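Summary of structural features
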Amino acid sequence: MKSDSPKTFHVKSFGCQMNVYDGERMAEMLGAQGYVPAAEGGDADLVVLNTCHIREKAAEKVYSDIGRLKREDGSRPTIAVAGCVAQAEGAEIARRAPSVDVVVGPQAYHRLPDLIARAEKGEKAIDLDMPVDSKFGALPKRAGGQRPTAFLTVQEGCDKFCTYCVVPYTRGAEISRPFADLIAEARALVAGGVREITLLGQNVNAWDGEDDKGRAIGLDGLIRALASEDGLERIRYTTSHPNDMTDGLIAAHGEVEKLMPFLHLPVQAGSDRILAAMNRSHTVDSYLRIIERVRAVRPDIAISGDFIVGFPGESDEDFDATLAIVRATNYAMAYSFKYSRRPGTPAATMDEQVDEAVMNDRLQRLQALLNEQQQAFNSATVGRTTRLLLERTGKREGQLIGKSPWLQSVHVTAPGLAIGDMIDVRITSAGPNSLGAEPLMAEIG
Ligand code: SAM
Ligand code: SF4
């Protein structure tokens, strides 16, 4: 490399969509410092591993990833570990993996350039601060990207303290970003070509703030304000907590056309006894009533969820109750996980940890049912006409992949169309993970 060529970087994000968002903001910040993205799969001068601590496997992966960064000639890039593993393990990371130069938590990554500069002087630069004044103000303004869809973090942190979960410890207390900042960021994204925004938060529906007239509003108020922005065609939000599904947010699903008919509402388990032990503070019945009310205002809504099998003390009967809530809800898609014991969480020291073999069996049975429901949901859309936002190219010549309103990936071949266009299609086929469609008319994007 020539000495005057700009330094290159790679940001690898793992885990949740909030990490993807953080990774994009880090990349923008490094860009503003004169770094350029390294070629896909190529070597970089700086590698940021933006990590996930939610389950043990995800957390352990960091160390093997660090090991792989060593080059054939024995040299290595500058290595920064960011994200929730950084927050949870702190200086321990640099002890276990001495090649790590920077350790930075999810609330301090706006200081990354500074930390890198310190590391370049030979220091181990560690910042696990959780500043009350938010990092967002310190990040460069957003410019929109090459994609028609974008994430926008509106809320961070969690005060719920589910007994299995590390998020309240790694991401800190719940904060809502100010309304004006969010409208400004959304406008910048739309000006840069974004047509769909997904509002993000660990508990996105706990967002609250004041609108431009000083009125107290919740997430539904923010969604309504964004819906009046010209050029923004679609709005989504994730992840929601059942306790924060307000009447206003439920009503918005029936009233705001730009709010897509998709709700990710994790329940975790179908037994009230286990939900209480998890400190979920909702019951099976209160969850099912929310689903019923959302479906009453938006009958075609796709419901998605998260499940944990094998929480300490989960009996066969408790697990059967999880299968029962899945049947009662009828999911369009869902994520399911084996319980992972996380150090420092209350559940980690609970009696009656469930056997790995039992967890494997339960996960398999749960996933079989969820896959069946996902296939049925997809098959039911065959023959239907709908609108796609085209997001990327497919493997075949002239093929593009777009998202349906229900967040399904849909393949369509239509010459003359481009990423970012919106087209009307008829769904012609359905597999478990994607659909096929034919265009109904010429490009109208
Ligand atoms: N705040 C969201 C909620 O309450 O549903 C989700 C946040 S968490 C990043 C995403 C999912 O990871 C959770 O819904 C849960 O299913 C799963 N999860 C969290 N901790 C876990 C653990 N210790 N073991 C297994 N799965 C876990
Ligand atoms: Fe974790 Fe529960 Fe908070 Fe979700 S609500 S982030 S599962 S503690």
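Not measured: the values here are computed from a predicted model.

Time to look at helix 11 (residues 284-297). Given a rise of 1.5 Å per residue, 14 residues ought to cover 20 Å, and the 21 Å separating the end C-alpha atoms of helix 11 matches this to within 8%. Every buried residue of helix 11 is accounted for by V284, Y287, I290, I291 and V294. Angularly, the buried residues of helix 11 cover 130° about the axis, an arc narrow enough to put them on a single face. Turned more than 90 degrees away from the buried face of helix 11 sit E292 and A296, all of them exposed. On its buried face, helix 11 is in contact with helix 9 (247-255), strand 14 (262-264), helix 10 (272-277), strand 15 (302-309) and helix 12 (316-329).

Right, let's talk about the site of ligand 2 for a bit. If you check the shell around ligand 2, you find C158, K160, F161, C162, Y164, C165, V167, P168, N203, H241 and R280 and nothing else. When the residues that make up the shell around ligand 2 are grouped by side-chain class, the tally is seven nonpolar, two polar and two charged.

Another aspect to go through is the pattern of salt bridges. If you walk through the whole model with that rule in mind, you get 41 salt bridges. The shortest N-O distance in the salt bridge between R71 and D43 comes to 2.8 Å. Separated by 28 residues along the polypeptide, R71 in the loop between helix 2 (56-68) and strand 4 (78-83) and D43 in the loop between strand 2 (36-37) and strand 3 (46-51) bring together distant segments of the chain. Its relative accessible area of 23% is what places R71 among the partly exposed residues. Note that R224 and E255 form a salt bridge whose closest N and O atoms lie 2.7 Å from each other. One end of the pair, R224, is in helix 8 (residues 219-227); the other, E255, is in helix 9, and 31 residues separate them in sequence. For R224, a relative accessible area of 34% translates into the label partly exposed. Taken together, the shared-partner salt bridges connect E24, R25, E28, R142, R147, R177 and E185 into one network.

Read from one edge to the other, the open sheet built from six strands follows the order 2-1-3-4-5-6, with strand pairing classed as parallel. Each edge of the open sheet carries a strand with a single partner, namely strand 2 and strand 6 (125-127).

With that out of the way, let us pick up the packing of helix 12 against helix 13 (residues 356-379). Running from amino to carboxyl end, helix 12 crosses helix 13 at an angle of 10°, the nearest separation of the two axes being 10 Å. The angle between the axes of helix 12 and helix 13 places the two elements in the roughly parallel class. Residues D316, F319, D320, T322, L323, V326 and R327 of helix 12 form the contact with helix 13, whose own contacting residues are R362, R365, L366, L369, L370 and Q373. Here the contact of helix 12 with helix 13 is built from residues that sort into six nonpolar, two polar and five charged.

Here the focus is the sheet that holds strand 20 (residues 422-430). Paired through their backbone hydrogen bonds, the strands of a sheet run either parallel or antiparallel. An order of 17-18-19-21-20 is seen for the five strands of this closed barrel, with the pairing classed as mixed. Within the sheet, the average angular offset between the axes of one strand and its neighbour, ignoring direction, is 55°.

What follows concerns the nonpolar core. L199, L219, L222 and Y237 are the most contacted members of the largest nonpolar core, which has 90 residues in total. If one sorts the elements of this core by residue count, helix 7 (residues 179-191) sits on top with six residues. Of all hydrophobic cores here, the second largest spans 19 residues; its members include F14, V47, V85 and V103.

Right, let's get into the site of ligand 1. For ligand 1, the set of nearby residues contains 16 residues, the closest of which are Y164, Q202, Q268, D306 and S340. Here an oxygen atom of ligand 1 and a side-chain polar atom of Q268 are 2.7 Å apart. Between ligand 1 and the protein, one listed contact pairs an oxygen atom with a side-chain N or O atom of R280 at 3.1 Å. Listed by contribution, the elements that provide at least two residues to the shell around ligand 1 are strand 15 and strand 16 (333-338).

In terms of strand pairing, strand 19 (residues 409-413) meets strand 21 (residues 434-439) through four bridges, oriented parallel. For V410, the partnering residue across the bridge sits in strand 21 and is L435. Between the end of strand 20 and the start of strand 21, which pair antiparallel, lie three residues.

Let's shift gears to unusual backbone geometry. With an omega of 0°, the peptide bond running from T238 to T239 counts as cis. Examined against the element boundaries, T239 turns out to sit in the loop between strand 13 (234-238) and helix 9. The residue N330 is not glycine, and still its phi comes out positive at about 65°. Here N330 lies in the loop between helix 12 and strand 16. A residue is classified by how much of its surface remains accessible, and N330, at 44% relative accessible area, is partly exposed. One non-glycine residue, L407, lies in the positive phi region at around 65°. Turning to its location among the elements, L407 is positioned in the loop between strand 18 (399-403) and strand 19. For L407, a relative accessible area of 31% puts it in the partly exposed group.

How each quantity is defined
- Residues numbered from 1 in each chain as written.
- Chains lettered and ligands numbered in written order.
- Predicted model: local features only at pLDDT ≥ 70, side-chain atom pairs only at ≥ 80, totals over all residues.
- Heavy atoms only, no water.
- Helix = DSSP H or I, 4+ residues; strand = E, 2+ residues; numbered from the N terminus.
- Expected span 1.5 Å × (residues − 1).
- Buried < 20%, exposed > 50% of the residue type's maximum accessible area, 1.4 Å probe, protein only.
- Arc of directions from axis to C-beta.
- Contact = heavy atoms within 4.5 Å.
- Near = heavy atom within 4 Å.
- Nonpolar A, V, L, I, M, F, W, Y, C, P; charged D, E, K, R; others polar.
- Salt bridge = Lys/Arg side-chain N within 4 Å of Asp/Glu carboxyl O.
- Pairing = 2+ DSSP bridges.
- Axes fitted to C-alpha atoms, helices over the stretch in contact; angles between N-to-C directions.
- Parallel < 35°, antiparallel > 145°, perpendicular 65-115°, else oblique.
- Core = buried A, V, L, I, M, F, W, Y, C linked by side-chain atoms within 4.5 Å.
- Polar contact = N/O pair within 3.5 Å; in protein donor to acceptor, adjacent residues only side chain to side chain.

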